[in-house]
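A structural walkthrough
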Amino acid sequence: MNLSLVARAPGRVNLIGDHTDYTGGHCLPMAINLEATATFVPLAGTDTLQVRSDLEPSEAMLPSRLQADHAGLANIEPAWARYVAAIAALTHPGAEGVLSICSNLPAGAGLSSSAAVEVATALAIGSELEPLALALACQRAEKLASGVPCGMMDQLVIAAGVEGAALLIDCGALTWETVPLPAGVEIVVADSGQPRRLASSAYAERVSECERAERVVGPLARVTVADLRAIDDLRLRRRARHVVTENARVLAMAGALLSGDIDTAGALMNESHASLAQDFEVSTAALDELVSSLRALSGVRGARLTGAGFGGCAVALVERGTRLPAGIAPRVWHVRASQGATVAVSSEPVQ
Ligand code: GLA
């Protein structure tokens, strides 16, 4: 019987600190108890990586040695297999065998289903990279496969998540510390029902607006709101103001959670949503409506859009035991802060 490698990688929800990672700022995500699983059966001498996914109708047959460049990946069909191809090329070139992927993470909801597949794939095919190096390689693969200039928050929390805690990540220093969640609260994720696709969103435009602001004032992670007066273009100034104020909110939120100050933590989430909606303009009518209906419920202490925006999910900080009324959102998950990705050898037959 062939031994297989089974890797599990969680999705993530970001409690606060959105659109800060790609300018070296701070964010506070946690890994969640919804996950992607990748099972790899090595078959030496086949020169191919055969890939199937329960999310996709057709299989992909990839050459085991691939060039990790955008042009080479763009020729790979079906298109979903480009992520797997980029991961294999960057984390464990030459892997040969059969890779089966399954996931209970909703796609396009902003819970990092693709980053979870990336990390699970890398570990299943035999990558032995440490969490930070693994996350950076997976981020590079995502950029190559999708063309979206994403940051590294998703891949890092998926690789390094800690049970019961969020991670306070300094995306400039590439360091992180754990922030345990207070016992009296729960994290709820609610889907707006509006699918989110980064490639067709204004995500890349926001990244380039931040770069333009930085050409005037220097790294946004190191400036104050007062410094932003040097930016003449008022729209760019608002984009930069979101980033600068959001970084401060992340640090304040970590402090509030550590001291069990739930009122402050909730208020910071509400302020974050306003900043993402008004200054960064990444919210939508559906997300705004969902966030205000969540906030109107008793037991909900704060709510905001989470992740990139442009659709997807909201996250709420709620008192433990709060039950949300049916119909508040098409899908609701009471999520637990979970451990990051793991890999194990299995002798179970693969279906
Ligand atoms: C997406 C990206 C992340 C991050 C968030 C917004 O999830 O993949 O790198 O930029 O959007 O915070």
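Quick note: structure is the one above.
Described below are features of the structure shown in this document.

**Topic: the nonpolar core**
Counting 69 residues, the largest nonpolar core has Leu-28, Met-30, Val-51, Leu-99 and Met-253 as the members making the most contacts within it. In contact with Met-253, other than residues within four places in its own chain, are Leu-15, Ile-16, Leu-28, Ala-265, Leu-268 and Met-269. Formed by 24 residues, the second largest nonpolar core is a distinct cluster that contains Tyr-22, Cys-150, Val-223 and Ile-231.

**Some details on unusual backbone geometry**
The phi torsion of most residues other than glycine is negative, and most of the peptide bonds are trans. Along the chain, Glu-77 connects to Pro-78 via a cis peptide bond; the corresponding omega equals -5 degrees. Structurally, Pro-78 can be placed in the loop between helix H1 (70–74) and helix H2 (81–91). Unusually for a residue other than glycine, Ser-112 sits at a positive phi of about 65 degrees. Here Ser-112 shows up in the loop between strand E6 (97–103) and helix H3 (113–124). On the basis of relative accessibility, which here comes to 8%, the residue Ser-112 falls in the buried class. Not every positive phi belongs to a glycine, and Leu-174 is a case in point at roughly 60 degrees. The exposure class assigned to Leu-174 is partly exposed, which follows from its relative accessible area of 27%.

**Section: the site of the ligand**
Neighbouring residues of the ligand: Arg-12, Asp-18, His-19, Asp-21, Tyr-22, Cys-150, Gly-151, Met-153, Asp-154, Tyr-203, Gly-307 and Ala-308. Side-chain polar atom of Asp-18 to an oxygen atom of the ligand: 2.6 Å apart, as the coordinates give it. Side-chain polar atom of Asp-21 to an oxygen atom of the ligand: 2.6 Å apart, as the coordinates give it. Looking at the shell around the ligand, its residues break down into five nonpolar, three polar and four charged.

**Details of the pairing of strand E1 (residues 4–14)**
The buried fraction of E1 amounts to nine of the 11 residues, a majority that puts the element mostly inside the structure. Relative to strand E13 (residues 342–346), E1 is paired through five bridges, and the arrangement is antiparallel. From the neighbouring strand, Arg-8 faces E13, where its bridge partner is Thr-342. Relative to strand E3 (residues 29–42), E1 is paired through nine bridges, and the arrangement is antiparallel. Opposite Ala-9, over in E3, you have Ala-36 as the bridge partner.

**Regarding the environment of Val-51**
Relative to the helices and strands, Val-51 resides in strand E4 (residues 48–53). Distance in space between the C-alpha atoms of Val-51 and Val-332 is 31 Å, their sequence separation being 281 residues. Other than its neighbours up to four places away in sequence, Val-51 contacts Glu-59, Ala-60, Leu-62, Trp-80, Val-84, Leu-99 and Ile-101.

**A look at the packing of H2 against helix H4 (residues 131–146)**
Taken N-terminus to C-terminus, the directions of H2 and H4 make an angle of 140 degrees; their axes are 8 Å apart at the nearest point. Judged by the angle between their axes, H2 and H4 are oblique. The hand of the H2/H4 crossing is right-handed. Here H2 contributes Arg-82, Tyr-83, Ala-86, Ile-87, Leu-90 and Thr-91 to the contact with H4, which in turn contributes Ala-137, Cys-138, Arg-140, Ala-141, Glu-142, Leu-144, Ala-145 and Ser-146. Residue classes in the contact of H2 with H4 are distributed as nine nonpolar, two polar and three charged.

About the thresholds
- Residues numbered from 1 in each chain as written.
- Predicted model: local features only at pLDDT ≥ 70, side-chain atom pairs only at ≥ 80, totals over all residues.
- Heavy atoms only, no water.
- Core = buried A, V, L, I, M, F, W, Y, C linked by side-chain atoms within 4.5 Å.
- Buried < 20%, exposed > 50% of the residue type's maximum accessible area, 1.4 Å probe, protein only.
- Contact = heavy atoms within 4.5 Å.
- Helix = DSSP H or I, 4+ residues; strand = E, 2+ residues; numbered from the N terminus.
- Near = heavy atom within 4 Å.
- Polar contact = N/O pair within 3.5 Å; in protein donor to acceptor, adjacent residues only side chain to side chain.
- Nonpolar A, V, L, I, M, F, W, Y, C, P; charged D, E, K, R; others polar.
- Pairing = 2+ DSSP bridges.
- Axes fitted to C-alpha atoms, helices over the stretch in contact; angles between N-to-C directions.
- Parallel < 35°, antiparallel > 145°, perpendicular 65-115°, else oblique.
- Left-handed = near helix turned anticlockwise from the far one by under 90°.

Honestly, that's just the spatial picture; any functional story needs more than this.
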